[in-house]
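Chain residues, written in single-letter form:
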Amino acid sequence: MNEETEERVSELANLYPSRKSALMPALEIAQRKNNNFLSNEDIKEVAKIVGVPNSRAFGVTTYYTMYNTKPVGKYHLQVDTNIPGFLSGAYEIVEHLKKKLGIEVGGTTGDGLFTLSSVEDLGSCGTCPVVQVNDTYYENLTIEKVDELVESLKSGKMPEPDTFSNFGTECNILLKNRGISDATDITVYKKGGGYEALKKTFKMQPSEIVDMVKGSMIRGRGGAGFPAGVKWGFLPKDNSRPVYLICNADEGEPGTFKDRQIMQYDPHLMIEGIAISAYAIGAEKAFIYIRGEFRWIADILENAIRQAKKDGQLNHVDIVVHRGAGSYVCGEETALIESIEGKRGNPRVKPPFPANVGLYGSPTIVNNVETLSCVPFIVEKGVQEFKKIGTEGNFGPKLYGVSGHVNKPGVYEYPLGTSLKVILETAGGVKGNLKAVIVGGLSVPILKADEIGDLKMDYDSCAKAGTMLGSGGIMVINDTMSIPELALRTINFYAHECCGQCVPGREGSKTIKVLLGKLTSGEGTIENIDTILDTCDTIKGLTLCPTGDAFAMPIEAMVAKFRGEFEDLVKRG
Amino acid sequence: MGNKISLTIDGKKIEASSGQTILEIAKENGIHIPTLCYYPNTKPAGACRVCVVEIGTAGKLEASCCTPVSPGMVVQTNTEKVMNARRMVAELLWSSGNHNCLQCEKNGDCELQDLIYELGIEKPRFEIDLPGYEIEDTNSMIQRDLNKCILCGRCIRVCNEIQVHEVLDFSMRGSHTKVSPAFDADYIDSECVFCGACVDACPVGALTFKQARFKGRPWEMKKVRTTCPYCGVGCQMDLNVSDGKVVKVTTNMDYGKPNHGMLCSKGRFGMNFIDNSDRLKTPLIRMDGELKAASWEEAYGYIAEKFASIKEKDGPDSIAGLSSARCTNEENYLFQKFMRAVIGTNNIDHCARL
Ligand SMILES: Cc1cc2nc3c(=O)[nH]c(=O)nc-3n(C[C@H](O)[C@H](O)[C@H](O)COP(=O)(O)O)c2cc1C
Ligand code: SF4
Ligand code: SF4
Ligand code: SF4
Ligand code: SF4
Ligand code: FES
């Protein structure tokens, strides 16, 4: 590596309170310089520049899937085969590419042109099948389009991607600019009333803003539904340490592709939300943790931040975009904090909670993109207006991402508490015969078609129905799908993503994967089915972080609710 | 720390200081909670989940090694839920490694074996799935068999937090997670200084002292506390003696100062000189160009006679004394006293300055 790289790394390091935080950006730079590959020498060099032990740099490199410790072809074709992809033909595309290129998954063509990989959820669930080629997403694919793509790449040309995706809004809050071209531009955003809420904010006391957020009773949109105002209230009083705000833009939960609608098409909405929230909690530094695969969206955000800065909107807070590098668990708030600190994304033991001891040991608030993007509305229009939307205790607008077996997969903005049926109708209705729905991202218990009734899509109603609203990522499954196959693909994901720290998480996910593999290949026994149920039951609440629950609950529900399908596999085998 | 807190563990009212963990206060009160990843003087990892206890009436499980006590807390250490959880963790570990105790150096001194025995598990409910790692046999001091590794991270923590050699870390993730030096290198090819702290920390047979292999079972071993003879720091250590021979050196954090259970590679692995056949057993005096065995009286007499004659001929400053870092402070004091008071010179120095 040359001096120029070293300088660039030092520049990046200056964005963080600790130089060690530059480890991930530095690895990315090194990888780009070396044809998308990190050799041991590269890793050593980076470790030296950043000032971390080699063992740590190696541990970090091998943790994140986007760092290639083996050389890859000029074009790295990464097919998302997670559930939404699985439901919409991703495996057919994998098979097609295998044949077409004459390589297995993980292989590279003899001419060094193509590497084929099957990867986990890319946050593109409504536009599946999707293939990520190096940094670019190719969405809405068919076999024919894949052929065209490969031919074009062979001639050395990355084609323009088709960025079409369905959307709709009833609330006109989070997606109000979704259909406006150039809303990423600050002048367009301001023309629509943008940054007025921030202006109003500066005329108020921080505590008044906190009170408004508390009063709105807005619940976190990242998955857990925890009231944001209550979380902010956990910040220690009389604190002399810096306070950090982190916007969670990891969007890793399979079935979830909502935050990118805001970031990609209306980035200033989120930035305004961050600016207001940072003012409210007294954070002079805020981080946006965005999944590494969303590279072009990170660029959009950085650009928008530059504009906002230039426009004088961000004099009170410095916003830094930190890119992940391929890890689902890094969406968990403490793993995310570790990742910003330049470490493996291993979740931390709680307590202490981040509000007290978070990033760099300081009080830290982590909120989801959608949560923070609601804040400008709350401040500008007031608590009462916000509470007019939704149902009691579940106020405000919500982005629902619908994927899988529907005619118009996409992201639709509705008030919390809207009926699932209505949302599915808006999404073009179910393709074929409805078998089941996963309503809140992959980590929530599945609902059988006959359990749906008139389910209202809000936190409390979903809980009452024995599932969770989660991220609002709705995956629709028709009767062509085998639930044991779905369960196997689900556990493969979690076993692949688990950080490996705790025994029930690491070995539990692997063991369930082995058992489901046996069952689906016809070698299982009835006893295996019971062992899975029993293991899931014991894992719940036992793991170091909530990821254990995130796989134990859905697997348990799939096996318990569709037990017959699993038993049939035993009888047949 | 300091504030008194009262809580209940297994129905017993207990006083604790705020800041203490449930595990610590339970230990103090003689209440047994099994552990695997817990290791004193390092940050609690909460990784194995063996130490879970039930808190309150809602059936919430928490790892006692990293959960601080709070006022009025009601803790139960052995409910059915707790036992189920521990059993599953033990069985998952058993089935994910090669735990054939027959050929294991740790047999009889292994925390996983103890746990499985304590829980009374006949066999794991899961099929055994051997990881298939090659046993690392490339150095003469530490044997690494990752097929027995339970990924408790104790070796990593002791290497990074106490020794600060920062050789080890986790690599990969999920069930492929490994502990290793950078680039998955063997110890001998890494920055490892062979202090052996990680071997002491390992609760199972993944890291063992190679020199001790097949030299004695743990229950045949007598531990003899001594001070390391190599330097003046005075590290405390246990010689593990089997069949009259020192087969390995282990440490004990409870011995406290000066080394708090840590050693360097000399104290740890440098004890085989004891039985070396080249070792001098009597003083030797060179006579007619040849070294001849002598008694201590003869040797001292010879030295005294030579010193006296040199001093008489060329004065006391023609003699200089060089002392050794391997002597104790008391011995060094005596030595300089001897040089100054008996020989009469200030020519005295110490090898640590060289
Ligand atoms: C395994 C795991 C993955 C998660 N992934 C995300 C994510 O991608 N985006 C997100 O906002 N929250 C995610 N969360 C939830 C965060 O930990 C955290 O609760 C959330 O960001 C808080 O923001 P909110 O209160 O605004 O929802 C995840 C949690 C877990 C356990
Ligand atoms: S459950 Fe355990 S292994 Fe899985 S991500 Fe959480 S801490 Fe890591
Ligand atoms: S590590 Fe323990 S349980 Fe495993 S083989 Fe050795 S003695 Fe047995
Ligand atoms: S022997 Fe010492 S330096 Fe080497 S890995 Fe173990 S603890 Fe670290
Ligand atoms: S080698 Fe030993 S101490 Fe290190 S993680 Fe494995 S079992 Fe734990
Ligand atoms: S000893 Fe507490 S989790 Fe391992």
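Keep in mind that this is a model prediction, so the values were computed, not measured.

## Remarks on the site of ligand 4
Now for step 1: Around ligand 4, the neighbouring residues are Ile142(B), Cys159(B), His165(B), Val167(B), Leu168(B), Tyr187(B), Cys192(B), Val193(B), Phe194(B), Cys195(B), Gly196(B) and Cys198(B).
Now for step 2: Partitioned by chemical class, the residues of the shell around ligand 4 number ten nonpolar, two polar and no charged.

## Remarks on the site of ligand 1
All names here are of chain A.
Now for step 1: The environment of ligand 1 is formed by 18 residues, the closest being Gly 222, Asn 248, Asn 367, Asn 368 and Thr 371.
Now for step 2: Between ligand 1 and Arg 221 there is a distance of 3.3 Å, counted from an oxygen atom to a backbone nitrogen or oxygen.
Now for step 3: In the environment of ligand 1, an oxygen atom lies 2.7 Å from a nitrogen or oxygen atom belonging to the side chain of Asn 368.
Now for step 4: By residue class, the composition of the shell around ligand 1 is three nonpolar, nine polar and six charged.

## Here's the deal with the domain arrangement of chain A
All names here are of chain A.
Now for step 1: Along its sequence, chain A is carved into domain 1 (3-63), domain 2 (75-154), domain 3 (168-387), domain 4 (390-478) and domain 5 (483-572).
Now for step 2: Look at where the C-alpha atoms of domain 2 and domain 5 centre, and you get two points 27 Å apart.
Now for step 3: Listed as interface residues are seven residues of domain 2 and, on the opposing side, eight residues of domain 5.
Now for step 4: Taken together, both faces of the contact between domain 2 and domain 5 bury some 590 Å²; the carbon and sulfur share is 62%.
Now for step 5: Looking at the side of domain 2 facing domain 5, the largest losses of area belong to Ile 83, Phe 86 and Glu 120, adding up to 73% of the total buried there.
Now for step 6: There are one salt bridge connecting domain 2 and domain 5.

## Re empty space enclosed by the protein
Now for step 1: In total, this model carries four cavities of 30 Å³ or more according to the counting rule given.
Now for step 2: Split into classes, the residues belonging to the lining of the largest cavity amount to 14 nonpolar, one polar and one charged.

## Describing the domain arrangement of chain B
Now for step 1: Per the domain assignment, the segments of chain B are domain 1 (4-78), domain 2 (220-279) and domain 3 (297-353).
Now for step 2: Inter-centroid distance (C-alpha atoms) of domain 2 of chain B to domain 3 of chain B is 30 Å.

## Describing a negative patch on the surface
Now for step 1: Taken together, the side chains of Glu3(A), Glu4(A), Glu6(A) and Glu7(A) present a region of like negative charge at the surface.
Now for step 2: Tracing the sequence through the fold places Glu6(A) in helix 1 (residues 3-13).

## As for unusual backbone geometry
Now for step 1: The peptide bond linking Lys350(A) to Pro351(A) adopts the cis configuration, its omega dihedral lying at -10 degrees.
Now for step 2: Position of Pro351(A) relative to the elements: it lies in the loop between helix 15 (333-340) and strand 9 (364-368).
Now for step 3: Although it is not a glycine, Glu166(B) sits at a positive phi angle of roughly 50 degrees.
Now for step 4: Mapping Glu166(B) onto the fold places it in the loop between helix 4 (154-162) and strand 7 (168-171).
Now for step 5: Judged by relative accessible area, which is 32%, Glu166(B) ranks as partly exposed.

## Things to note about the sheet that holds strand 12 (residues 245-250) of chain B
Residue and element names in this part refer to chain B.
Now for step 1: Spatially, 10-11-12 is the arrangement adopted by the three strands of the open sheet, whose pairing is antiparallel. The two strands at the open ends of the sheet, each matched to only one other strand, are strand 10 (222-227) and strand 12. The average undirected angle you get between the axes of adjacent strands in this sheet is 35 degrees.
Now for step 2: Here strand 11 (residues 236-242) pairs with strand 12 via five bridges, running antiparallel. By the bridge assignment for strand 12, Ser 242 is matched with Lys 245.

## Examining the nonpolar core
Now for step 1: Counting residues in hydrophobic clusters, the biggest one holds 159 residues, and the most contacted among them are Ile446(A), Met457(A), Ile474(A) and Leu516(A).
Now for step 2: Ranked by residue count, the leading element in this core is helix 2 (residues 80-95) of chain B, at eight residues.
Now for step 3: Beyond its immediate sequence surroundings of up to four residues, Leu516(A) is in contact with Ala487(A), Leu488(A), Ile491(A), Ile532(A), Ile555(A) and Phe566(A).
Now for step 4: Counting residues in hydrophobic clusters, the runner-up holds 71 residues, among them Ala275(A), Val317(A), Ala355(A) and Val375(A).

## Considerations on the side chain of Arg219(A)
Now for step 1: Looking at where Arg219(A) falls in the secondary structure, it is placed in the loop between helix 10 (206-216) and helix 11 (228-233).
Now for step 2: In contact with Arg219(A), other than residues within four places in its own chain, are Gly225(A), Phe226(A), Pro227(A), Gly393(A), Asn394(A), Tyr459(A) and Asp460(A).

## A short note on the packing of helix 23 (residues 526-539) of chain A against helix 24 (residues 547-561) of chain A
Residue and element names in this part refer to chain A.
Now for step 1: Where helix 23 contacts helix 24, the axes come no closer than 9 Å and their chain directions differ by 145 degrees. The element helix 23 and its partner helix 24 pack so that their crossing is left-handed. Across the interface between the two elements, Ile 529, Ile 532, Leu 533, Cys 536, Asp 537 and Ile 539 from helix 23 touch Gly 548, Asp 549, Phe 551, Ala 552, Ile 555, Glu 556, Val 559 and Ala 560 from helix 24.
Now for step 2: Tallied by class, residues from the contact of helix 23 with helix 24 come to ten nonpolar, one polar and three charged.

## Focus: the pairing of strand 4 (residues 60-63) of chain B
Residues and elements named next belong to chain B.
Now for step 1: In terms of strand pairing, strand 3 (residues 52-55) meets strand 4 through four bridges, oriented antiparallel. Bridge assignment links Glu 54 to a residue of strand 4, and that residue is Leu 61.
Now for step 2: The hairpin turn running from strand 3 into strand 4, its antiparallel successor, is four residues long, and Gly 56 in that turn takes a positive phi close to 70 degrees.

## Quick look at the packing of helix 22 (residues 503-520) of chain A against helix 23 of chain A
Residue and element names in this part refer to chain A.
Now for step 1: Where helix 22 contacts helix 23, the two axes come as close as 10 Å, and the packing angle between them is 160 degrees. Taken together, the axes of helix 22 and helix 23 are roughly antiparallel relative to one another. Our pair here, helix 22 against helix 23, has a crossing hand that is left-handed. Every residue of helix 23 that contacts helix 22 at Pro 504, Gly 508, Ile 512, Leu 515, Leu 516, Lys 518 and Leu 519 is listed here: Asn 528, Ile 529, Thr 531, Ile 532, Thr 535, Cys 536 and Ile 539.
Now for step 2: The residue inventory of the contact of helix 22 with helix 23, partitioned by class, reads nine nonpolar, four polar and one charged.

Rules and cut-offs
Residues numbered from 1 in each chain as written. Chains lettered and ligands numbered in written order. Predicted model: local features only at pLDDT ≥ 70, side-chain atom pairs only at ≥ 80, totals over all residues. Heavy atoms only, no water. Near = heavy atom within 4 Å. Nonpolar A, V, L, I, M, F, W, Y, C, P; charged D, E, K, R; others polar. Polar contact = N/O pair within 3.5 Å; in protein donor to acceptor, adjacent residues only side chain to side chain. Domains from an automatic or database assignment. Contact = heavy atoms within 4.5 Å. Buried area = accessible area lost by both parts, 1.4 Å probe. Salt bridge = Lys/Arg side-chain N within 4 Å of Asp/Glu carboxyl O. 1 Å grid on protein atoms, 1.4 Å probe; cavity = no way out; pocket = protein on both sides within 12 Å on 5 of 7 lines; lining within 4 Å. Points joined across faces, edges and corners; volume = space filled by probe spheres on them. Patch = residues over 30% accessible without salt bridge, like charges linked within 9 Å, V, L, I, M, F, W, Y side chains within 5 Å. Areas by Shrake-Rupley, 256 points an atom, 1.4 Å probe, with all protein chains shown as cover. Lys, Arg positive; Asp, Glu negative; His and termini not counted. Charge placed at Lys NZ, Arg CZ, Asp CG, Glu CD. Helix = DSSP H or I, 4+ residues; strand = E, 2+ residues; numbered from the N terminus. Buried < 20%, exposed > 50% of the residue type's maximum accessible area, 1.4 Å probe, protein only. Pairing = 2+ DSSP bridges. Axes fitted to C-alpha atoms, helices over the stretch in contact; angles between N-to-C directions. Core = buried A, V, L, I, M, F, W, Y, C linked by side-chain atoms within 4.5 Å. Left-handed = near helix turned anticlockwise from the far one by under 90°. Parallel < 35°, antiparallel > 145°, perpendicular 65-115°, else oblique.

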